[in-house]
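Listed here are the chains, written in short residue letters.
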Amino acid sequence: MGSNFYNHWAQIMGHTIGRLKVTIIALTAALAALMSPAMLSAQETEMPVEAVADEAAAGATGYVPMAPTEGKGMATDPRTGEGGTLLKSMTFQDQYTQDGAYALWMHNWILMPVITLISLFVLGLLLYVIARYRKGANPNPSRTTHNTAIEVIWTIVPVFILVIIAVPSISLLAAQYETPPEDAVTVKAIGYQWYWGYEYPDHGGFEIVSNMLSDADALANGEPAKLAVDNRMVVPAGVPLRIQTTGADVIHSFAVPSLWFKQDAVPGRLNEKLLTIEEPGVYYGQCSELCGARHAYMPITVEALPMDQFEAWVLEQGGELPGAAGAAEDAAEIPAEEVEAVSAVAE
Ligand SMILES: [Cu+2]
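Residues numbered from 1 in each chain as written. Predicted model: local features only at pLDDT ≥ 70, side-chain atom pairs only at ≥ 80, totals over all residues.

J.: Would you mind going over the overall build of the protein chain with me for this structure?
T.: The secondary structure content of the protein chain amounts to nine helices and ten strands. Split into buried and exposed, the 347 residues of the protein chain put 23% on the buried side. (Helix = DSSP H or I, 4+ residues; strand = E, 2+ residues; numbered from the N terminus. Buried ≥ 20, exposed ≤ 12 C-beta atoms within 10 Å, placed from the backbone.)

Quick look at the structure:
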């Protein structure tokens, strides 16, 4: 009776292990596909620069919102893989900042392999112990409680793994705390219930009010629904930006996944973080701090433009360029005669 039971059990285990093997093989294959060069090179796919340039040229006389590039600065559809592959929709969005690219590399080549290997190793050990040391195969269990060699190994190996993770992790953390340089372009993102305001203190202090477009309007524009806005946060590409965030009422959070950027917008506080967007494009984000009933309906659209087009946009908004304003002010404040008079007194 007893041996019959164990035979039956062993048979079931055999089936289960067989199925697990298939599952492990499938998982490994999926992971390999995820890490494949094709997958990585997808990151380097260039955006149709000409298309953007054409549009920019069209907007030379007046600002025309840039058309987004499918799959860039937005999530891909996990059901259809629209805008990318199905696998791509399971991982991070392609990154358009240095920190983002580094973080994505760390995720793909350090964290995921380490997590996968450890999980498979522990699963393998468990299955081996279940099969090898079951009562039927091992009726008299060992009474061993200590083994110095193996205890040293299972202390040192995890320490070694943690150090491997800590080195890139700490440098990423440090990079994310880098202070914006003095000449960075300042944009102040203000969270309101429930929309965003973008103030340009270096450009005359005008403010853009940004509300979500209806699904119909967004789709008609060729933009993703619930992410498109009427007035975008327009910034120059390729130069350091000083993004300041604050909340007008409750805590919001300014977050754009493809730029590796997330910063809380807290009432009464001014948070500041460096952001350098590497290339022109349209990048979508959302408020990422529960801020009330319409929290899900205050998206962020960042449009990065070449500097000259950004400056043209600023002038169109009634803003002024920092250098020009400064020179004009200097000229206005100190008339030439006064300067002469002052130097005469000094003599
Ligand atoms: Cu909010």
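Now, onward.
J.: Can you help me understand the environment of valine 114 in this one?
T.: For valine 114, the position within the fold is in helix 4 (residues 98–132). Expressed as a C-alpha distance, the spacing of valine 114 and isoleucine 164, which sit 50 residues apart in the sequence, is 9.7 Å. Filtering out sequence-adjacent residues up to four positions away, valine 114 remains in contact with Ile161 and Ile165. (Contact = placed C-beta atoms within 7 Å.)

J.: Help me out: how do you make sense of the environment of leucine 86 in this one?
T.: Among the secondary structure elements, leucine 86 is positioned in the loop between helix 3 (49–58) and helix 4. C-alpha of leucine 86 to C-alpha of threonine 76: the two residues are ten residues apart in sequence and 8.0 Å apart in space.

J.: Would you take a moment to explain the pairing of strand 5 (residues 241–247) for this structure?
T.: In summary, the side chains of a regular strand alternate between the two faces of the sheet. Most of strand 5 is tucked away: seven of the seven residues are buried. A two-sided burial pattern is seen for strand 5, the buried positions comprising Leu241, Ile243, Thr245 and Gly247 on one face and Arg242, Gln244 and Thr246 on the other. Sheet topology note: the strand 1 (residues 185–192)/strand 5 ladder contains seven bridges and is parallel. Looking at strand 5, one finds that lysine 188 is bridged to glutamine 244. Two elements, strand 5 and strand 8 (residues 271–275), share five bridges in a ladder whose sense is antiparallel. Of the residues in strand 8, the one forming a bridge with leucine 241 is leucine 275. (Pairing = 2+ DSSP bridges.)

J.: Honestly, helix 4 in this entry has me stumped. Any pointers?
T.: Working note: α-helix, 3.6 residues per turn, so residues spaced by three or four point in the same direction. The first and last C-alpha atoms of helix 4 sit 49 Å apart over 35 residues, in line with the 51 Å expected at 1.5 Å per residue. A bend of about 35 degrees at histidine 107 is the largest found in helix 4. (Expected span 1.5 Å × (residues − 1). Bend = angle between axes of the 7 residues up to and from the residue.)

J.: I keep staring at the environment of proline 322 and nothing clicks. Help me out?
T.: Locating proline 322 in the fold gives a position in helix 8 (residues 322–333). Using a count of 18 C-beta atoms within 10 Å as the deciding quantity, one classes proline 322 as partly exposed. Sequence spacing of proline 322 and glycine 204 is 118 residues, and the spatial spacing of their C-alpha atoms is 7.9 Å. With sequence-adjacent residues up to four places away left out, proline 322 is seen in contact with Asp202 and His203.

J.: Sorry if this is basic, but what is going on with the sheet that holds strand 2 (residues 195–200) here?
T.: What links the strands of a sheet is backbone hydrogen bonding, and the strands pair in either a parallel or an antiparallel sense. The five strands are arranged 3-2-1-5-8 in an open sheet whose pairing can be described as mixed. Whereas interior strands pair on both sides, the edge strands pair on one side only; in this sheet they are strand 3 (206–210) and strand 8. Pairs of neighbouring strands in the sheet enclose a mean axial angle of 25 degrees, with direction left out of account. (Axes fitted to C-alpha atoms, helices over the stretch in contact; angles between N-to-C directions.)

J.: So what exactly am I meant to see when it comes to the nonpolar core here?
T.: Counting 43 residues, the largest nonpolar core has Val187, Ala189, Met233, Val235, Leu259 and Val302 as its most contacted members. Both domains that meet at this core, namely domain 1 (2–176) and domain 2 (185–327), each give it at least three residues. For leucine 259, the residues in contact, after removing those within four places along its chain, are Tyr96, Thr97, Gly100, Leu275, Ile277, Tyr283 and Val302. (Core = buried A, V, L, I, M, F, W, Y, C linked by C-beta atoms within 7 Å. Domains from an automatic or database assignment.)

J.: Got a minute to help me understand the sheet that holds strand 4 (residues 233–236) in this structure?
T.: Taken together, five strands build an open sheet; the order of strands is 4-10-9-6-7 and the sheet is mixed. Edge positions in the open sheet fall to strand 4 and strand 7 (261–265), since each of these has one partner strand only. Averaged over all adjacent pairs, the angle separating strand axes in this sheet is 25 degrees, with direction ignored. The pairing of strand 9 (residues 281–287) with strand 10 (residues 299–305) spans six bridges and is antiparallel. The residue bridging tyrosine 283 from the neighbouring strand is valine 302, located in strand 10. Across the sheet, helix 7 (residues 307–316) is in contact with strand 4 and strand 10; its angle to strand 4 comes to roughly 140 degrees.

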